[in-house]
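# Fold and contact review
What follows is the residue order along each chain.
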Amino acid sequence: MGSPRLAAGLAGLVSGIALLGASCAPQPATVVLAGTTSTHDTGLLDSLVVAFRADHPQSRVRAVAVGSGEALELGRRGDVDVLLVHAPAAEFQFVEAGHGQDRVPVMYNDFVLLGPVDDPAGVRAAGTAADALAAIARHGAPFVSRGDSSGTHEREVALWAAAGLEPGGRPLEGPAREPAVGEAAESEGVPGWYMESGQGQAESAFIASDRRAYALTDRATYTVLKDILELEVVLEGDPALLNLYSVIVSSRAAHPEAAARLAGWLTSEAGRAVIARFGQAQFGEHLYWPLVVGESLPFPLPGGSPPPSG
Amino acid sequence: MNPFAEALDLITSGDLYVWEVILRSIRISGSALAFAMLFGLPIGAAIGLSRFRFRRPVIALVNTGLALPPVVVGLAVFLLVSRSGPLGGLEILYSPAAMILAQAVIAGPYIAAVSLAAADSVPPDVRLQARALGASPLRATLLQLREVRTSLVAAVAAGFGAIISEVGAVMIVGGNILGETRVMTTAIVLETRRGNFGVAVALGVVLLLVALYVNLLLLLLGRWSIRRPLSS
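All values reported here derive from a predicted model rather than from experimental measurement. (Residues numbered from 1 in each chain as written. Chains lettered and ligands numbered in written order. Predicted model: local features only at pLDDT ≥ 70, side-chain atom pairs only at ≥ 80, totals over all residues.)

Between chain B and chain A, the contact holds 21 residues from the first and 21 residues from the second. For the side of chain B that touches chain A, the secondary-structure elements that each account for two or more residues are α2 (16-49) and α10 (184-193) of chain B. Classifying every residue of the side of chain B that touches chain A gives nine nonpolar, seven polar and five charged. (Contact = placed C-beta atoms within 7 Å. Helix = DSSP H or I, 4+ residues; strand = E, 2+ residues; numbered from the N terminus. Nonpolar A, V, L, I, M, F, W, Y, C, P; charged D, E, K, R; others polar.)

Following this line, the structure appears as C-alpha cells:
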C-alpha cells in the first residue's frame, strides 16, 4: 500500500464508482419495503408498489423479497425501512427489542397443508394441523420444510411443537430451544422423510410435488401454482393455520417520514382495496384478505365466504 | 466476530453440517469438472491445433459459451430431467446427478475456450520438427500440448472456479435440500435469507479456502506432468 500513485488511483476509482452510483440514485428519499417471498411469488408485492407509486407520484419506493427472518434482520440494521412480514412471534420480539414500531396487522390468508392426491399418511382424516403432522411423522411420509427461518417455517415449527414433536418427528424434550446455525443439520436424529429445502415458498412446493411429499404453504401461493403442482390441499381450516401479515416500520429507517407514509398507505383504505382486489381477475378468488384495524380476527378461515369487511 | 475468525471456527468446530456441505460441494463440482474435461479439453485442443474453413466463427461460438448464464443452464437441465421432460424417467431432479450434469455443461465451455486459446498459441514448427524426427501424429500432438501445459492447467482451474462458485443452476436443479443437495453456495444464500450474515460471510471465506486448496493441487499436478517424461 506504499505507492502514492496506487493510492491515488484507488481513490479515483472509488470516487468514480461513487459518482456513477450517485448519478443513478433517485433524488427524493427512497423507501425500501421488505416483503416476504410468498407475497413476491404471487405478485402482490409488485402490485402494492405500483399502486402506491400511482397514489404518491412524488414518493420513491423499492421492494425487495426476502424471507421474514432476513426481513427482520435487515430492518434491525436499518437497511430496509418498512417490513411486510408474517412471523408474529419473531415480530413481537423485534418490536419489544426496540428494532421496530407501529406494528399493524394488515391482511391475512391461511396456511394449507399440501399433500399427494393419494394422501399416504391419511392426513385428510386428521382434525387439526398438529394431528396431521403427527400422522405424517407416524407414517414417515415425505415432508418438505422451508427450513429458512421464514414466517412459514416459523409456523411449521410451532405446529410441530403443538403436536408434541420436534420438526422431523422426535418427541420434544424439555423446553423449546432457540434454533442455532446449521442446527437443522444435526442430521443424526432427523429421518430421511423430513427434507429441508432452505428455499422460498414456490421452490419448496415444486420439490414437494416432485417427491410426492407433504408441505405447508400459504393459500395464495397454492392458488397461483396449483395447475403445475401434483399436490392437493389435504388439510385446511384449522384456526392454527391463520397466516397474519403485519406492517412494521424499522426504528432505524433512513427516512422515517417517507417510511411512515408508505406504512400508513399500506394500512389505509387505498392499500386494503389493492389487497382485496388482488388476484380477483386472474384467479377469480381472493388471495389475501385485508384486515380492518381493531376488528377481531375472522373465523372460520377464508377459502369460502368473504369476511364482512371485504 | 470477524469473518475469518468465524470461518476458522466453522471449520475447526467439527460441525458436521459445515464439513458435510464442503465435501458435497467438492464431490459434485469435482465430478462435473472431470466430465467437462473429458469433452472440453479435446474440443479446445482440436480446434486450437487444426486449421480449417470457418475456424474463426467456430472459435467465436466456443467463446460465447463463456457467456452462458448458469441459471439458464440450470433451467434447461431442469426442463430436461423434470418428470415431464425427455429424461424424466431417470428421476434425477433434485439430486446430485442433476447438479453434476448442469455444472459440467457450465464448465465445459470454460475449459474448451481457454485450452483452445492455449493450443492456438503453439508455434506450428513444434509439430513439423517432431514429425521430422519421426514422432507419430499422436505423439506430435501431445508434444504440442506439452508446450502449453500451464495454460491447460489454467483452463481446468477456470472451469472449476466457474462451477464451485455457481449458485443459480445448483439451486434450480438441486433444490438446496439439507443433507442431499445443499452445497456451499446454496448454504450461503440460505444463511443470508435467514439473516445470519456473519455465518454467510464465513461460509464464503471457507469457499475461497477450498478453491485455493484445489488450485494448489492443480498446480502440483501441472508440475508433476512437467517432470514426467512423455514416453513411458
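With that settled, the discussion passes to unusual backbone geometry. With phi around 50 degrees, A:D119 is a residue other than glycine that occupies positive phi space. The phi angle at B:E91 is positive, at roughly 55 degrees, despite the residue not being glycine. Following the sequence through the fold, B:E91 ends up in the loop between α4 (70-81) and α5 (96-120). A tally of 13 C-beta atoms within 10 Å means that B:E91 is categorised as partly exposed. (Buried ≥ 20, exposed ≤ 12 C-beta atoms within 10 Å, placed from the backbone.)

With that settled, consider the confidence of the model for chain B. Residue and element names in this part refer to chain B. For chain B, per-residue confidence averages 90 on the pLDDT scale, and 96% of positions sit at 70 or higher. By mean pLDDT, helix α1 (residues 3-12) is the weakest element of chain B at 77, and α5 is the strongest at 96. Two numbers describe this predicted complex: its pTM, 0.78, and its ipTM, 0.75. (pLDDT = per-residue confidence, 0-100.)

This paragraph deals with the pairing of strand β1 (residues 30-35) of chain A. Residues and elements named next belong to chain A. Taking burial as the measure, the six residues of β1 include five buried ones, the bulk of the element. Inspection of the sheet shows β1 paired to strand β3 (residues 82-85) by two bridges, in the parallel sense. Each bridged residue has a counterpart across the sheet, and for A34 the counterpart in β3 is L83. (Pairing = 2+ DSSP bridges.)

Here we take up helix α5 (residues 88-96) of chain A. All names here are of chain A. Of the residues making up α5, those classed as buried are P88, E91 and F94. Buried residues in α5, looked at end-on, bunch into an arc of 115 degrees, giving them a common side. In α5, those exposed residues whose orientation departs by more than 90 degrees from the buried face are A89, F92, Q93 and E96. Phi turns positive one or two residues past the end of α5, at G98, with a value near 85 degrees. (Arc of directions from axis to C-beta.)

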